[in-house]
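Spelled out from the first residue to the last, the chains are:
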Amino acid sequence: GEGVPSAQKSSWATFLKSIASFSGDLSSLTAPPFILSPISLTEFPAYWCERPDLFAAIADAKTEKDRSIAVLKWFISTLKGQYTSRNEKLGSEKKPLNPVLGELFYGHWPDVNGRGQTNLVVEQVSHHPPITAYYICNPSKGLALQGHSAQKTSFSGGSIIVKQIGHAILAVDLPGGGKEEFLITLPRLRIDGLWYGSPYIELAETSYIQSSSGWLSTIEYKGKGYFSGRSHSFKAVLTPPGSSTAAKKYEGVWHETSKDLDTGETFTDVTTPKEEVTVGPLENMHDFESRKLWQHVARGIREGDYDAASREKSKIENEQRQRRRDEQAAGASWQLLHFEHIPSDPVYERLAKKFNGNPPTEDTYVFKHNHSQTPSVRSVPA
Ligand code: 0T9
């Protein structure tokens with residue numbers, strides 16, 4: 001593979017073999033240095049809001065139909081960041097740092113032109129398997145996105161197949177009181193290019209955005225050689241409550257542009273710059289905040305000092321093991337800071353039923369505070 005430095009060719013081959021004979025939690029496999037990312041998975045939920053104007057625009061839409069269109073437009077516009085930004089920033093998809101239990105990531109996007117400030121709270125709510133919970137809100141627009149993310153991986157035809165576990169619920173406060181809710185399900189991923197040591201993601205199958213109003217977006221994903229012949233293609237149809245006749249149809253590539261098929265107008269365009277999340281300075285961070293926790297490991301990876309990176313990583317892992325032993329000895333268990341785990345999500349159940357007959361229940365992590373508390377929720381138990 002051209003992406004693999006010659007000194008790491010045999011360890012890459014060994015790593016690929018271990019992936020092939022393994023399914024489940026890839027995060028715990030040791031990978032060769034060239035494929036390591038200095039960024040923890042707890043930072044990933046920020047991808048949901050790198051176009052804060054499109055997020056805020058959901059609140060400005062006036063009808064149920066227009067809100068569903070605005071949600072779809074925002075959702076499609078997040079995909080490029082979610083699934084291709086490591087290729088742009090780091091040269092290929094890389095293996096993210098595997099978050100510790102209780103790891104935190106806080107950030108915001110400033111209020112510009114009256115769009116309101118958007119706040120982000122992320123907590124690693126499980127280490128094994130890795131589960132990340134997030135809450136993103138724009139209080140002045142009455143918008144809150146709550147979700148959690150985990151993965152089930154398998155290996156097929158030389159690619160890693162990733163089934164995303166978890167879902168997101170977007171709650172929109174309506175001007176006349178009450179809320180509209182949107183259940184967002186997540187697409188399946190295929191990680192290709194492994195053999196060459198330059199992995200990249202393609203999306204596959206179908207995801208849904210179901211509104212409590214009844215409007216449903218069905219998004220179908222295809223790679224090269226399918227409906228448009230291009231990578232990162234999608235088709236989306238919006239159907240009204242109780243009908244399967246499309247009211248709107250869109251098509252394009254999610255990493256560039258897409259069109260409204262009836263009018264020919266541009267629907268999404270992510271060729272313009274996105275806005276990365278703003279985070280506070282390292283000096284003000286708690287030890288469990290991602291960038292502070294991993295700072296020495298990240299520096300080692302960035303500077304190519306992999307011995308330092310692996311030494312620092314072992315320190316963190318040993319400290320974690322000790323914590324778990326201490327908890328066990330004390331008969332205590334780790335307490336989540338911002339989220340509460342519930343075994344079945346009533347919002348998921350109510351909305352998933354609308355497009356999926358009889359869905360199995362799903363657990364979730366509910367944000368414990370309210371909107372107004374988000375910017376200041378920085379205190380962490382010792
Ligand atoms: C939620 C996203 C998710 C997380 C990542 C599969 C993956 C971990 C999960 C699904 C975000 O909203 C979107 C984007 C990328 C996903 C990651 C890509 C990836 O490769 C990792 C897995 C765990 C690996 O690190 C596999 C080994 C690696 C050598 C391949 C590059």
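As a starting point, this report considers the structure included with it. All figures in this text were calculated on a predicted structure; none of them were measured in a lab.

### Description of the site of the ligand
Part 1: What surrounds the ligand is a group of 19 residues, the closest being Q82, R86, K95, P96 and I191.
Part 2: Starting from 630 Å² of accessible surface for the ligand in isolation, the protein chains cover 96%.
Part 3: Mapping the ligand onto the cavity grids shows that it belongs to the largest pocket.
Part 4: For the shell around the ligand, the secondary structure elements donating two or more residues are helix 3 (64-90), strand 2 (95-97), strand 6 (143-156) and strand 7 (159-165).
Part 5: Take the shell around the ligand: its biggest share by element is three residues, from helix 3.
Part 6: Residues of the shell around the ligand, tallied by class, amount to 11 nonpolar, four polar and four charged.

### Re empty space enclosed by the protein
Part 1: For the structure shown, the criterion picks out two cavities of 30 Å³ or more.
Part 2: Empty space within the largest cavity amounts to approximately 50 Å³.
Part 3: Around the largest cavity, the lining is made up of 10 residues, and of these F105, Y106, V279, M285 and E289 lie nearest the centre.
Part 4: Of all the secondary-structure elements, those providing two or more residues to the lining of the largest cavity are strand 3 (104-109) and helix 4 (290-293).
Part 5: The element that contributes the greatest number of residues to the lining of the largest cavity is strand 3, accounting for three residues.
Part 6: Each residue belonging to the lining of the largest cavity can be placed in one class, and the counts come to five nonpolar, two polar and three charged.

### Re the environment of P346
Part 1: Tracing the backbone shows P346 in helix 7 (residues 346-355).
Part 2: Distance from P346 to T364, taken between C-alpha atoms, is 9.4 Å for residues 18 residues apart in sequence.

### Observations concerning the pairing of strand 7
Part 1: The element strand 7 is extensively covered by neighbouring structure, given that five of its seven residues are classed as buried.
Part 2: Counted along the chain from strand 6 to the antiparallel partner strand 7, the turn is two residues long, and its residue G157 has a positive phi close to 55°.
Part 3: For strand 7 and strand 10 (residues 188-192), the ladder comprises three bridges, and the chain directions are antiparallel. Residue I161 lies in a different strand from strand 10, and its bridge partner there is R190.

### A look at the environment of D53
Part 1: Considering the arrangement of structural elements, one finds D53 in helix 2 (residues 52-60).
Part 2: The partly exposed category is assigned to D53, whose relative accessible area is 45%.
Part 3: Between the alpha carbons of D53 and G114 there is a distance of 9.7 Å; along the sequence they are 61 residues apart.
Part 4: Excluding residues that lie within four positions of it along the chain, D53 makes contacts with R115 and E275.

Each value, and the rule that gives it
Residues numbered from 1 in each chain as written. Predicted model: local features only at pLDDT ≥ 70, side-chain atom pairs only at ≥ 80, totals over all residues. Heavy atoms only, no water. Near = heavy atom within 4 Å. Areas by Shrake-Rupley, 256 points an atom, 1.4 Å probe, with all protein chains shown as cover. 1 Å grid on protein atoms, 1.4 Å probe; cavity = no way out; pocket = protein on both sides within 12 Å on 5 of 7 lines; lining within 4 Å. Sits in = over half its atoms within 2 Å of the grid points. Helix = DSSP H or I, 4+ residues; strand = E, 2+ residues; numbered from the N terminus. Nonpolar A, V, L, I, M, F, W, Y, C, P; charged D, E, K, R; others polar. Points joined across faces, edges and corners; volume = space filled by probe spheres on them. Buried < 20%, exposed > 50% of the residue type's maximum accessible area, 1.4 Å probe, protein only. Pairing = 2+ DSSP bridges. Contact = heavy atoms within 4.5 Å.

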